[in-house]
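# Observations on the model geometry
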Amino acid sequence: MRLKLIWALLGGVMATSVALAAEEKDFTYQVKQGDILVVIATELLDAPSRWGDVAKYNKLPNPNLINPGKVLHIPYKWLRNIPAEARIEAVNGAVTLNGSPVKAGDAVASGARLQTGKGAAVRVNLPDGSTLDLLENSNVEATQLTTKKQGSFFSALFHLVSGRLDASKKKYPDGHAPLLIKAAHATLGVRGTRFRMGQEGDVTLAEIEHGLVGFEAGSRTLALAGGQGSIADGVKGASVVQLLPPPSFVDLPERFEQLLVRVNLAEMKGAQRFQGEVASDEGFVHIVAQAGSEGTQLRIPDLADGSYWLRVRGVDARGLQGQEASTRFVLKAHPVPPMLMGPAHNSKVRGELPKFAWTDVSEAGHYRVQLARDRQFKDIAVDQANVSIAAFSPEQAMAVGEYFWRVASVKGDNDQGPWGEVRVLKVLPPTAPPQPPAFTKGRMASSWEAEAGQTFEYQLANNKDFAKPVLSLVLKEPKIDVAMPEPGKYFVRLRAIDADGYVGPWTPTQSFITPGYDVNGCANCVWGTP
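Residues numbered from 1 in each chain as written. Predicted model: local features only at pLDDT ≥ 70, side-chain atom pairs only at ≥ 80, totals over all residues. Heavy atoms only, no water.

Let us look at the overall build of the protein chain. Helices and strands together make up the secondary structure of the protein chain, namely four helices and 42 strands. The C-alpha radius of gyration of the protein chain comes to 41 Å, more than 25% above the 24 Å expected for a compact globule of 530 residues. With the C-alpha coordinates of the protein chain rotated into their principal frame, the extents come out at 150 × 50 × 40 Å. Residues classed as buried in the protein chain amount to 46% of the 530 residues present. In the protein chain, 57% of the contacts between residues at least 6 apart in sequence involve partners at least 24 apart. (Helix = DSSP H or I, 4+ residues; strand = E, 2+ residues; numbered from the N terminus. Rg over C-alpha atoms; globule rule 2.2 N^0.38 Å. Buried < 20%, exposed > 50% of the residue type's maximum accessible area, 1.4 Å probe, protein only. Contact = heavy atoms within 4.5 Å.)

Quick look at the structure:
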């Protein structure tokens with residue numbers, strides 16, 4: 001009786017917008033030679049005794065006399081029901097039908113039970129063109145699926161035991177294709193509409209995107225229109241609730257380039273969190289991921305490269321999901337970029353070629369390295385493609401300055417993945433070599449140019465490999481004043497230690513001859529290269 005109230009309510013609300021003539025609502029039958037009403041009722045209707053109802057409905061003056069060619073109007077609900085089947089259109093993840101794994105094309109008959117696991121979804125096509133999307137961790141029973149042997153009539157009753165479904169009901173003339181969704185504390189009577197229904201714990205929820213449904217909860221039957229919802233818990237009376245508006249996307253990039261897709265949403269008054277689904281098609285037939293968030297960022301892992309559609313809704317404190325927003329996005333995360341090993345971020349080199357290194361990526365055939373003078377990589381200093389190993393060093397010295405560097409993996413000839421981490425490298429001028437030593441009164445002195453805060457390591461040796469230095473000093477100032485070493489030929493080098501602890505390379509080795517040391521035929525041996 002209560003289900004009839006739902007249809008009565010819907011019929012009353014829609015009367016002004018759906019004005020159907022009797023012949024559009026009814027099945028029409030053209031009488032053939034030899035037909036009598038009792039035979040027609042036996043063959044077509046749900047009971048042979050309906051022949052009298054047909055006679056009254058068509059206002060026949062003599063029920064026992066119907067002429068060939070006469071057109072009889074018969075309400076669809078009087079026609080005999082026969083079993084009908086829905087069909088599985090798309091499956092993602094762990095979905096079972098009557099306990100067995102399901103695949104596209106499988107039939108769903110009356111009495112069938114569909115269950116989805118974590119992250120799974122299944123699209124069910126009804127014979128009238130309507131669709132049901134059963135989302136993750138859900139359980140639904142096809143209580144009754146029937147059609148009529150004649151005409152386009154189809155009716156369905158589903159029982160949502162737990163979880164959530166998202167449905168689109170194709171609109172048909174009144175009474176041709178009723179759809180009822182029953183849950184623990186309420187039943188939805190649906191005509192042409194897009195709606196969602198949930199059974200979460202002991203609470204039944206309904207959310208209408210557009211169209212109109214009848215929501216029967218206990219002794220109350222509500223008319224819910226697009227943008228409205230309701231809750232039934234078996235205790236409190238149900239009421240009409242205005243749903244949250246569609247969310248707004250914030251700074252949505254043209255494409256995502258990381259394995260974990262992060263979608264930012266604007267703050268929404270009344271939204272406790274957000275919930276959404278990702279599909280590989282605009283119609284959300286193939287749902288490939290489902291994501292929720294406690295904040296304003298949806299995080300979607302484990303997607304393959306490709307083009308996707310995302311729909312997302314705000315969820316209020318009662319658990320009702322609001323109206324949805326949707327958008328298309330592109331993911332290009334493969335081949336994944338390598339992790340950079342060195343130099344470290346904000347490193348510096350002084351007087352030597354930098355050596356760049358990174359981890360080897362299994363899906364990469366080779367790598368591309370870029371160095372730029374700006375963070376946006378518009379002023380490119382080095383762009384080296386086809387680097388076959390996980391390391392690179394420029395062939396020529398780099399000008400002093402700040403550089404930004406990054407590496408991308410490349411698969412095949414030109415399938416380049418996204419750029420990885422950007423690091424900063426500072427190229428500094430080399431440490432100035434010491435000036436030629438001055439010898440006065442048995443002492444040796446030398447100095448060199450320096451930067452503020454630097455300390456120095458100074459080495460003096462009588463062999464250019466510096467295996468056994470004669471002198472090895474740590475100096476706080478860029479100068480030296482020591483006792484003159486014994487007469488001979490010496491080799492000297494130094495390196496600077498910056499205030500931040502960076503140890504620069506040794507300066508090129510120089511050599512000199514002390515006074516009193518006779519070097520025959522060596523006019524240039526006083527100071528110079530070894």
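This part covers unusual backbone geometry. With an omega of -10°, the peptide bond between His334 and Pro335 qualifies as cis. Structurally, Pro335 can be placed in the loop between strand E25 (321-331) and strand E26 (340-342). Located in the positive-phi region is Phe377, a residue other than glycine, with phi close to 55°. Its location among the elements puts Phe377 in the loop between strand E29 (366-372) and strand E30 (380-387). Its identity as a non-glycine residue notwithstanding, Phe466 has a phi of 55°, on the positive side. Positionally, Phe466 belongs in the loop between strand E37 (455-461) and strand E38 (471-475). Overall, Phe466 belongs to the buried group, its relative accessible area being 6%.

This part is about the nonpolar core. Formed by 41 residues in total, the largest nonpolar core has its most connected members in Leu114, Phe158, Ile181, Leu188, Phe195 and Phe215. At six residues, strand E12 (residues 154-169) tops the list of elements feeding residues into this core. Not counting chain neighbours up to four residues away, the residues in contact with Phe215 comprise Ala186, Thr187, Leu188, Ala206, Arg220, Thr221, Leu222, Leu224, Ser230, Ile231, Ala232 and Ala238. (Core = buried A, V, L, I, M, F, W, Y, C linked by side-chain atoms within 4.5 Å.)

This part covers the packing of aromatic side chains. Under the counting rule described, the total for this entry stands at 11 aromatic pairs. Arranged with centres 5.6 Å apart and planes meeting at 65°, the rings of Tyr57 and Trp78 form a pair that is edge-to-face. Taken together, the positions of Tyr57 in helix H4 (residues 51-57) and Trp78 in the loop between strand E2 (71-75) and strand E3 (81-83) put the pair 21 residues apart, joining distant regions of the chain. Of the residues examined, Tyr57 reaches a relative accessible area of 38% and is grouped as partly exposed. The structure contains a cluster of three or more aromatic residues connected by ring pairs, namely Phe256, Tyr308 and Phe329. Positioned above the aromatic ring of Phe466 is the side chain of Arg493, whose terminal nitrogen or guanidinium carbon lies 4.2 Å from the ring centre. It is Arg493 that lies over the ring of Trp506; its NZ or CZ is 4.1 Å from the centre. (Phe/Tyr/Trp six-rings, centres within 6.5 Å; stacked < 30°, edge-to-face > 60°. Lys NZ or Arg CZ within 6 Å of the ring centre and 35° of its normal.)

What is shown is where atoms sit, not what they do.
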